[in-house]
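Summary of the model geometry
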Amino acid sequence: MKNNISLICETLDDVRKKSPLVHNITNLVVTNVTANATLAAGASPVMAHAPEEVADMVGIASALVLNIGTLDVNLIDAMVKAGQAANHKNIPVLLDPVGAGATPLRTDSVMRIMKEVNINILRGNASEISIIGGYGGQVKGVDAVGSFEGLGDKVRETSQRLGTVVAVTGATDYISDGTRLARVYNGHKLLTHVTGTGCMASAVIGAFAAVQRDYFMATVAALSYYGAAAELAAQQAKGPGSFQVALFDSLYNLTPAALAGLVRVEIE
Ligand code: ATP
Ligand code: TZP
Ligand code: MG
Ligand code: MG
């Protein structure tokens, strides 16, 4: 585990040193906070969704984050274009399937993107990933509902079947590359009282994947760092509003050395 903790902290250090450009095609609710979380982590965000420019923007980016939170058909077309350009350039592509299962448009769009683009990391809540993985379940708009038995096994199986790193976040985050399975215990309940905290987690994973080619470890590192920052922010917060502000401060101030003492991760 000592080596894993070192790798987690080195990856944060690399994000800060390299400040990779992360291209986001994301939703109308979280665009600003996602850009700010990416900056606070030490990377450089750009939001661009015009079909006429996405391939050019991918051309100068080090990672692509796709988020279907407020999708429409034109936006999905742009995501496919951008995703194919990113595959061609061999930079990581992350998909956040916000609300998959809530409506046919969302579910069908996720399936279309995964068919036409090689997705390297799929990050969602337990409901979204259960539905995409074929285990069924319910989603309440964009939020997870229900209880999830044997989630670790389902995440590993889904990762094997889809050939991508899969991350399910929640009180415990489960991450698998089809072989390895990680549990990340970092995080805080206040994250569930602020919209966009999952989307921000996805953007931070994108920044880590830009500098760490082992996308499984990039995802573990990003979620551990993000959860640890949330724990520190909660100590300063009076409620969701001040927590959101404190979260940006903690993402910015958390050093690799301090993170080493906060990581709560198991890998099997
Ligand atoms: P949902 O819409 O269901 O809330 P989401 O896309 O917002 O899903 P979350 O699963 O809430 O994503 O994950 C966002 C962050 O919040 C992750 O870092 C996760 O570890 C953390 N998190 C979620 N629930 C809890 C909890 N109960 N306790 C601690 N951390 C949590
Ligand atoms: N509606 C459409 S997208 C969105 C809402 C509320 C934001 C979802 O963000 P997250 O990170 O999944 O909570
Ligand atoms: Mg949440
Ligand atoms: Mg979400």
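Residue positions are counted from 1 within each chain, in the order its sequence is given. Numbering of ligands from 1 and lettering of chains from A proceed in the order in which they are written. Since the coordinates come from a predicted model, pLDDT governs what is reported: local features require at least 70, and pairs of side-chain atoms require 80 or more to be given and counted, while whole-chain, interface and lining totals use all residues. Hydrogens and water are ignored here; the side-chain numbers use all heavy atoms of the structure.

An unreviewed UniProt entry annotates the chain as Hydroxyethylthiazole kinase of Desulfotomaculum nigrificans. UniProt positions are given in the numbering used here, feature names are shortened, and annotations may be inferred rather than shown by experiment. The record in UniProt for the chain states the following under Catalytic activity (unreviewed entry): "5-(2-hydroxyethyl)-4-methylthiazole + ATP = 4-methyl-5-(2-phosphooxyethyl)-thiazole + ADP + H(+)". Check the Pathway (unreviewed entry) section of the UniProt entry for the chain; it says "Cofactor biosynthesis; thiamine diphosphate biosynthesis; 4-methyl-5-(2-phosphoethyl)-thiazole from 5-(2-hydroxyethyl)-4-methylthiazole: step 1/1."

What about the UniProt feature "binding site: substrate" (unreviewed entry) in the chain?
Taking the UniProt record as the reference, the feature "binding site: substrate" (unreviewed entry) is found at Met47 and Gly196. As for the lining of the largest pocket, the annotated residues named previously contribute Gly196. In this text, helices come from DSSP runs of H or I with a minimum length of four residues, and strands from runs of E with a minimum of two, each type numbered from the N-terminal end. Tracing the chain through its elements places Met47 in strand β2 (residues 44–47). Ignoring anything within four residues of it in the chain, the contact list for Met47 reads Asn24, Thr26, Thr31, Thr34 and Ala35. Computed over the protein atoms alone on a 1 Å grid, cavities are sets of points where a 1.4 Å probe fits but cannot get out and pockets are open sets with protein on both sides within 12 Å along at least five of seven lines; a residue lines them when it has an atom within 4 Å of a point. Throughout, a contact is declared for two residues whenever any of their heavy atoms are within 4.5 Å.

A short note on the sheet that holds strand β4 (residues 93–96)
Spatial strand order, β2-β1-β3-β4-β5-β8-β9-β10-β11: nine strands in an open sheet with mixed pairing. Where the open sheet ends on each side, the last strands, each with one partner, are β2 and β11 (265–267). Averaged over neighbouring strand pairs, the angle between their axes works out to 20° when direction is ignored. Strand pairing requires that DSSP identify at least two bridges connecting the strands. Of the pairings in the sheet, the one linking strand β1 (residues 21–25) to β2 comprises four bridges and is parallel in character. Note on β2: the bridge partner recorded for Asn24 is Met47. Fitting a line to C-alpha atoms yields each axis, with helices limited to the stretch in contact; the angle taken between N-to-C directions then spans 0 to 180 degrees. Relative to strand β9 (residues 173–176), helix α7 (residues 151–162) is tilted by about 35°, and along the sheet it contacts β5 (121–125), β8 (165–169), β9 and β10 (181–184).

A look at the pattern of salt bridges
Basic side-chain nitrogens of Lys or Arg form a salt bridge, by our definition, when they fall within 4 Å of a carboxyl oxygen of Asp or Glu. In total, this model carries nine salt bridges according to the counting rule given. Among the salt bridges present, the one from Asp77 reaches Arg112, with a minimum N-O distance of 2.8 Å. Of the two residues, Asp77 sits in helix α4 (residues 73–89) while Arg112 sits in helix α5 (residues 104–116), which places them 35 residues apart along the sequence. Under the scheme applied here, a residue whose accessible area is under 20% of the maximum for its type counts as buried, over 50% as exposed, and between as partly exposed, the area being computed with a 1.4 Å probe on protein chains only. A residue is classified by how much of its surface remains accessible, and Asp77, at 33% relative accessible area, is partly exposed. For Arg112, a relative accessible area of 29% corresponds to the partly exposed category. Several salt bridges share partner residues, and in doing so they unite Asp77, Arg112 and Glu116 into one network.

Digging into unusual backbone geometry
The backbone phi angle of Ser19 is positive, close to 40°, even though this residue is not glycine. Secondary-structure assignment places Ser19 in the loop between α1 (2–18) and β1. Positive phi is not limited to glycine here, since Asn90 has a value of about 65°. Among the structural elements, Asn90 can be located in the loop between α4 and β4.

Examining α7
By this rule, a helix spans an expected 1.5 Å times one less than how many residues it contains. An ideal rise of 1.5 Å per residue puts 16 Å on 12 residues; α7 measures up with 16 Å between its terminal C-alpha atoms. Within α7, burial applies to Leu151, Gly152, Val155, Arg156, Thr158 and Ser159. Viewed along the axis of α7, the buried residues span an arc of 165°, placing them on a single side of the element. Elements in contact with the buried residues of α7: α6 (126–132), β8, β9 and β10. Of the residues one or two after α7, Gly163 is the one with positive phi, at around 65°. This arc is built from the directions going out from the helix axis to the C-beta atoms.

Section: the site of ligand 1
Close contacts around ligand 1 come from 17 residues, with Val142, Asp143, Ala144, Thr169 and Asp173 the closest. N or O atoms within 3.5 Å of each other form a polar contact, as long as, within protein, one can give a hydrogen and the other can take it, and as long as residues adjacent in sequence are counted only when both atoms are side-chain atoms. Separating an oxygen atom of ligand 1 from a side-chain N or O atom of Arg123 is a distance of 3.2 Å. Here the accessible surface of atoms and residues is derived via Shrake-Rupley with a 1.4 Å probe, and residues count as covered only by protein chains that are part of the display. With the chains in place, 85% of the 610 Å² that ligand 1 exposes on its own is no longer accessible. Assignment to a cavity or pocket requires that more than half of a molecule's atoms be within 2 Å of the site's grid points. Applying the majority rule of atoms within 2 Å of the grid points places ligand 1 in the largest pocket. Elements represented by at least two residues in the shell around ligand 1 include exactly β5, β7 (143–144) and α8 (197–211). Residue classes in the shell around ligand 1 are distributed as five nonpolar, eight polar and four charged. Here a residue is near a molecule or strand as soon as one of its heavy atoms is found within 4 Å of it. When residue character is reported, Ala, Val, Leu, Ile, Met, Phe, Trp, Tyr, Cys and Pro are called nonpolar, Asp, Glu, Lys and Arg charged, and the others, Gly included, polar.

Here's the deal with the site of ligand 2
Near ligand 2 you find Asn27, Val29, Val30, Gly69, Val142, Thr195, Gly196, Thr197, Gly198 and Cys199, and these make up its full shell. Between ligand 2 and Cys199, the relevant distance is 2.7 Å, taken from an oxygen atom to a main-chain nitrogen or oxygen of the residue. If ligand 2 stood free it would expose 380 Å²; the protein chains cover 79% of that surface. One can see that ligand 2 is located within the largest pocket. Among the residues forming the shell around ligand 2, the class breakdown is four nonpolar, six polar and no charged.

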